[in-house]
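One letter stands for each residue in the lines below.
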Amino acid sequence: MSRLIIRVPRGFDFWRTVLSHGWAILPPFECDRRTRTLRRVFRLAGGRLVTASLVGSAGAVQIGTGRAALAPAERADLRTHVRTCLRLDEDFAGFHAAARRHPQYRWIAASGSGRLLRAPTLYEDVVKMICTTNCAWSLTEVVVGKLVARFGEDAGGGRRAFPDPHAVAQSSEQILRSTCSTGYRAPYLLELSRRVAGGELDLEALRTSAAPVDEVFDALRSIKGVGPYAAGNLLKLLGRYDHLGLDSWVRAQYSRLYARGRAVKDAAIERRYASLGRWRGLFFWLEMTRSWHDEKFRGSA
DNA sequence: GCGTCCAGGTCTACC
DNA sequence: GGTAGACCTGGACGC
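These numbers come from a predicted model, not from an experiment.

1. Description of the overall build of chain A
Within chain A one finds 15 helices and seven strands. The globule rule puts the C-alpha radius of gyration for 301 residues at 19 Å, and the 19 Å found for chain A is close to it. Based on the C-alpha atoms only, the size of chain A along its principal axes is roughly 50 × 45 × 35 Å. By residue count, 50% of the 301 residues in chain A fall in the buried class. Taking all contacts inside chain A whose residues are at least 6 apart in sequence as the whole, residues at least 24 apart take part in 64%. Taking the 47 positively charged and 29 negatively charged side chains of chain A as two groups, their mean positions are separated by 6 Å.

The structure is reproduced here in structure tokens:
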């Protein structure tokens, strides 16, 4: 059995990162709460597909690949993918220092919160984010599951990779609608996949871009189907936390927390977090989901 | 079982 | 710049 170990930054909490938002239960991610294992198919350099199981331990993340023996270059590639997904190379010291300056946010630093799980590629994150728009979470699960089942390459053992943009690009609106329940999002997903597959849109470059956040936001907004909500939340997966990424769920949560259930204008929510600077989107998300996390972690920290 | 209504972001047309 | 309506699906509800 092949096993790799990755050392993690001090204060890193594997399970809190896994459950930081809904990505962990969207295929090809699989989340086993009983064993606290995150599993998925990774596409390594050279195109080989490997199913890896990730488990947190003291100061490290252990990666198991079953019987698959990996070449040195493949091991290095897998490590890179895992580091990307778990945000291990992102520095949260500034964020936690900022959290400690606010009594109501000290729990964030104390719990090591802040890392939001992401996919190995921004293409996968964008596809999934489009699939969260204008529908219930249950439909998001259905659509992503069908996309992976229909277009994801078979990795053996009943598992599939996330679809390569070329595979989706060769499809059609009609097929996406009829086999993946994408509805009116079909042309958006098709156009996105064709632009990425054709090299016109270099999404991965945005992950390392030093451009001002507004430029990156505009680049994301140029993708059909990506509006303010989707772009704001994709920015968080790029390590830019300047936007709140408001949707109906967080609006409702905010109104429950601060307005006794009454509706609150977006501008008022924005004003409340404006003083938190470039981290405001992350403060906002963690605050809105705090009770959600407490339920998930109760008695199991 | 069937029909109707509604919620959920984004796009487009229009003012 | 702001607003209204369309887009599509699944769930809730009434019959």
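Next comes the rest of the account.
2. Re the protein's contact with DNA strand B
In the region of DNA strand B, 16 residues are neighbours, and Asn 134, Gly 225, Ala 230, Asp 247 and Ser 248 sit closest. Protein-proximal atoms of DNA strand B, defined as those within 4 Å of the protein, fall in sugar or phosphate at a share of 60%. At 3.1 Å from a base nitrogen of DNA strand B is found a side-chain nitrogen or oxygen belonging to Tyr 184. Here the surface near DNA strand B takes three residues from helix 11 (residues 228–237), the largest share from any one element. Of the residues belonging to the surface near DNA strand B, the class tally is eight nonpolar, five polar and three charged.

3. As for the sheet that holds strand 1 (residues 3–7)
Strand order in this open sheet of five strands is 1-5-4-3-2, and the pairing throughout is antiparallel. Of all strands in the sheet, those with a lone pairing partner are strand 1 and strand 2 (30–32), marking the two edges. Between one strand and the next, the sheet's axes are offset by a mean angle of 25°, whatever the strand orientation. Inspection of the sheet shows strand 3 (residues 37–43) paired to strand 4 (residues 49–57) by seven bridges, in the antiparallel sense. Paired with Arg 39 across the bridge in strand 4 is Ser 53. Relative to strand 1, helix 2 (residues 72–86) is tilted by about 45°, and along the sheet it contacts strand 1, strand 3, strand 4 and strand 5 (60–64).

4. A look at the packing of aromatic side chains
Enumeration over the complete set of coordinates arrives at twelve aromatic pairs. When the ring of Tyr 123 is compared with that of Phe 162, the centres are 6.1 Å apart and the planes differ by 70°; the resulting orientation is edge-to-face. Taken as a pair, Tyr 123 in helix 5 (residues 122–132) and Phe 162 in the loop between strand 7 (159–160) and helix 7 (165–169) lie far apart in primary sequence, 39 residues in all. No difference in accessibility class separates Tyr 123 from Phe 162, as the two residues are buried. Each ring, one from Tyr 273 and one from Phe 284, has its centre 5.1 Å from the other, and the planes form 75°; the classification is edge-to-face. Placement of the pair is Tyr 273 in helix 13 (residues 266–274) and Phe 284 in helix 14 (residues 280–288), with a sequence separation of eleven residues. With a relative accessible area of 1%, Phe 284 lands in the buried category. Joined through ring pairs, the aromatic side chains of Phe 92, Phe 95, Tyr 105, Tyr 241, Trp 279 and Phe 283 make up one cluster.

5. Focus on the protein's contact with DNA strand C
The immediate surroundings of DNA strand C are formed by Leu 139, Arg 177, Ser 181, Gly 183 and Tyr 184. Near-protein atoms of DNA strand C (within 4 Å) split between backbone and bases, with sugar and phosphate holding 94%. Within the side chain of Arg 177, one N or O atom sits 2.4 Å away from a phosphate oxygen of DNA strand C. Partitioning the surface near DNA strand C into residue classes produces two nonpolar, two polar and one charged.

Calculation criteria
Residues numbered from 1 in each chain as written. Chains lettered and ligands numbered in written order. Predicted model: local features only at pLDDT ≥ 70, side-chain atom pairs only at ≥ 80, totals over all residues. Heavy atoms only, no water. Helix = DSSP H or I, 4+ residues; strand = E, 2+ residues; numbered from the N terminus. Rg over C-alpha atoms; globule rule 2.2 N^0.38 Å. Buried < 20%, exposed > 50% of the residue type's maximum accessible area, 1.4 Å probe, protein only. Contact = heavy atoms within 4.5 Å. Lys, Arg positive; Asp, Glu negative; His and termini not counted. Charge placed at Lys NZ, Arg CZ, Asp CG, Glu CD. Near = heavy atom within 4 Å. Polar contact = N/O pair within 3.5 Å; in protein donor to acceptor, adjacent residues only side chain to side chain. Nonpolar A, V, L, I, M, F, W, Y, C, P; charged D, E, K, R; others polar. Pairing = 2+ DSSP bridges. Axes fitted to C-alpha atoms, helices over the stretch in contact; angles between N-to-C directions. Phe/Tyr/Trp six-rings, centres within 6.5 Å; stacked < 30°, edge-to-face > 60°.

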